Amino acid sequence: MQFDPFIIPFNIGLYFILIYAVARSIIWFRALSRPDKLRLQRGFFGRAFGQSIKEIFLESLIHRKILKTNFRLGYMHMSLAFGWFLLILFGTIEADVFGESHLNSPYKAIFFKFFNPVHGRMGIEAAYGFLMDFILAFILSGLILAVIKRFWSPVVGMKRTTKLKPLDKVALTSLWLIFPSRLLAESFTSGAYGTGSFLTGTLGSALASFLPAIEMAYPFWWLYSLSLGTFFVLLPLTRYMHIPTELFLIFARNSGIRTGDQPGAFQEMQIYSCSSCGICIDACQLNFSAGIINIQSAYLLKGLRNETDVSNIADNCLMCGRCDQKCPVGIELTPIRMNARRITETPVSNPGLLKRYFPDHSFNIRSKPATSPSYNWLPETDPAKADVIYFAGCMTHLTPAIKIAMKKILEASGVNYNFIDEDGGVCCGRPLMLAGQDREARELINYNSRAIWKSGAKILVTSCPICYKVFRESYYLDVEILHHTQFIRRLILEGSIKLNFLRKTIAYHTPCELGRRSGVYDDPKRVLMHVARLLKTGFDDENSLCCGGSLGNTRISYQQKNKIASDAAAELTKDNPDILATACPLCKKTFAGATETKVADIAEIVAEALVIQDPVKNTSEKKLSRLKATAII
Amino acid sequence: MEKFGFSILKARHINYDSNDKSIAEYISEREPSFRICIECGCCTATCTTGNFTRFSLRELQILLKRGENESVREVINKCMLCGKCTLACPRGVNTRNVILLAREAFQKRLKNAV
């Protein structure tokens, strides 16, 4: 029996974390809603399982997404995660093949060199030793980057890194100590017995030449075991909880579970899966344009984890979704923030130790107290029947050029339409939702739904992406909902409108609500390509910027909004386009004051390019062709 | 004294004995731009709610600053938070946050927090 007291801290830590992981998984599973439980069960026996294994390998070990966005940061994460995994894997194999028996306790693999000091002198043993040294060197290279990053983040190409809480620092120190102490422990042992490969062997013989190697080795083996044990025991209280949680999260996500509009077990898994890598901080325009550095998603999740009052963080966000797009773990950051807005401020609590290991986050979640119904003043409407209804939206009424252009296009297309909010409509409800007031928003949604039903329309066209998103996601309507860019594209494809080609260059700004939040990227660009020359901006599609005018943020000042707008406009108009095009009245209004370039909505550009046909001739021609078609039959 | 033929209406008297400016203070502490409002009325002119009712953010701001909270308490809930007033404001007052804070203050006051 190979045993030494120094392995005790490691063993305590290891078995503690294993039992803890199982217990926590059971708690999370039980907290899932019934449909989500079924999804998870179905996922376990279905395709989701294989997908998850693949994703865990690529993302949790290799960190492919981080490598793609930032190679040095990705290398740092990969060397620690993948390197450690390899060290454990090959260490276990080594202990199994070269050790005294098979199927050893984990500690025999971790402390293999201590129990087998003369192992690795020559032949295959030496080659294997070389491999193990190589993996250790791989991890240490990443560790060096991590240590430098903590004090000087540009080393990994990051402008800012996350701030840590004290317990994180203790865990971080123990994590940092693990591999250097292993290096020194192995080196001293190798030095004493004349073994070891290029790293431990060389360093060992150098150290042994002027130090008593055997006596020096023992304390470092203790340090190695202690730092491992400390790290494992503290792991659930720190951000390193992301290591075990992410595995569960990947599996749950692949099984089809989503955040939804209420905080729950899946949201909690996501909160714990955040490694505070800080990629969201660098992606955030509030950081790089407005200089606000304490509200980014990493801090929101940290606040939720630690049960601190997050209302100031949750409300101070443009809800543009840039961080969602960049998050290497794929956490649904904006839905989580929306959920945080729906709850009242949580009292700052100081939980006991057991409570900190098994926090009950659902306990603190209460929805905001209901205010009395406030919109009973809404007038009854009786809209005229039409095939297509056009809902301009509040913001479009502030930028009337858009609605005038849309009317021109609708007239030219010859469709039977009704401009439902021509004399000023009722808000779609999304601004209230963005302020966390869903119940109030529901009143407006019901009101608008009634008006739309009454009109008997098949298609609802809106000019405002904010309305578009809420119509699609929160209204239960039996009509097709189109943003005007999608509608115009359809008109072009049908041949209902004819357009001239304008000799102009256009840079297109993708509105957040239309692009990242609703997934409409292609239609606006196709329409623009049809009428003018579209330039690449470097901020296309998922990578688009926010104009800064977002209704999502109630906290930033007018000056900060302007700064964001002018920075974004400057980036988009780098190549001096004739027109900065957008598909959102709010973006248009915000950019108009922030750049010298002409800002126009796609509808305006299309209206300018429109070939006006004689409407009487147009419809009579159509009738004629229809008659001809019937005649052939 | 010269008689000009008109006097202050009784309804326009400001009664500082019963006025309570705590809500206005609560708002301006958290949203300093509340103070720079010049009561020009652009917000009211563009207001979606004002299109249907006699809702006037300009009036509500004046009443709050004067401390006549009772006339604001219920009316402020009529706002739909659409944000047009914020865009129309020539002074850059963050009107949406003013309304949210006013609602919050009224709610907290019920619990004697202000």
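Residues numbered from 1 in each chain as written. Chains lettered and ligands numbered in written order. Predicted model: local features only at pLDDT ≥ 70, side-chain atom pairs only at ≥ 80, totals over all residues.

Caption draft 1: View of the domain arrangement of chain A. Residue and element names in this part refer to chain A. Domain parsing of chain A yields domain 1 (45-224), domain 2 (261-348), domain 3 (388-494) and domain 4 (505-609). The centre of domain 3, based on its C-alpha atoms, is set 20 Å off from the matching centre of domain 4. On the domain 4 side, the residues contacting the 28 residues of domain 3 number 26 residues. Secondary-structure elements contributing two or more residues to the side of domain 3 that touches domain 4 are helix H21 (394-398), helix H22 (400-413), helix H23 (430-434), helix H25 (465-474) and helix H26 (484-494). Residues belonging to the side of domain 3 that touches domain 4 are distributed by class as follows: 16 nonpolar, eight polar and four charged. (Domains from an automatic or database assignment. Contact = placed C-beta atoms within 7 Å. Helix = DSSP H or I, 4+ residues; strand = E, 2+ residues; numbered from the N terminus. Nonpolar A, V, L, I, M, F, W, Y, C, P; charged D, E, K, R; others polar.)

Caption draft 2: Broad picture of helix H5 (residues 71-98) of chain A. Residues and elements named next belong to chain A. Of all the bends in H5, the greatest, near 30°, is centred on Met78. Within H5, the full set of buried residues consists of Leu73, Gly74, Met76, His77, Ser79, Leu80, Gly83, Trp84, Glu94 and Ala95. Packing partners of the buried residues in H5 comprise helix H4 (64-69), helix H6 (106-110), helix H7 (112-115) and helix H8 (123-151). (Bend = angle between axes of the 7 residues up to and from the residue. Buried ≥ 20, exposed ≤ 12 C-beta atoms within 10 Å, placed from the backbone.)

Caption draft 3: Region of interest: the interface of chain B and chain A. Taken together, the contact pairs 22 residues of chain B with 23 residues of chain A. Ranked by residues supplied to the side of chain B that touches chain A, first place goes to helix H6 (residues 95-110) of chain B with five residues.

Caption draft 4: Structural context of the confidence of the model for chain B. Residues and elements named next belong to chain B. Of all residues in chain B, 89% attain a pLDDT of 70 or more, and the chain-wide mean is 87. By mean pLDDT, H6 is the weakest element of chain B at 88, and helix H2 (residues 42-46) is the strongest at 94. Scored by ipTM, the complex comes to 0.87, with pTM at 0.89. (pLDDT = per-residue confidence, 0-100.)

Caption draft 5: Spotlight on the nonpolar core. In this structure, Tyr390(A), Ile409(A), Ala581(A), Val606(A), Ile27(B) and Ala102(B) are the most contacted members of the largest nonpolar core, which totals 197 residues. Here this core gets ten residues from one element, more than from any other, and that element is helix H9 (residues 166-193) of chain A. If sequence neighbours within four positions are ignored, Ala581(A) has contacts with Ile506(A), Ala507(A), Tyr508(A), His509(A), Leu528(A), Ala600(A), Ile602(A) and Ile605(A). (Core = buried A, V, L, I, M, F, W, Y, C linked by C-beta atoms within 7 Å.)

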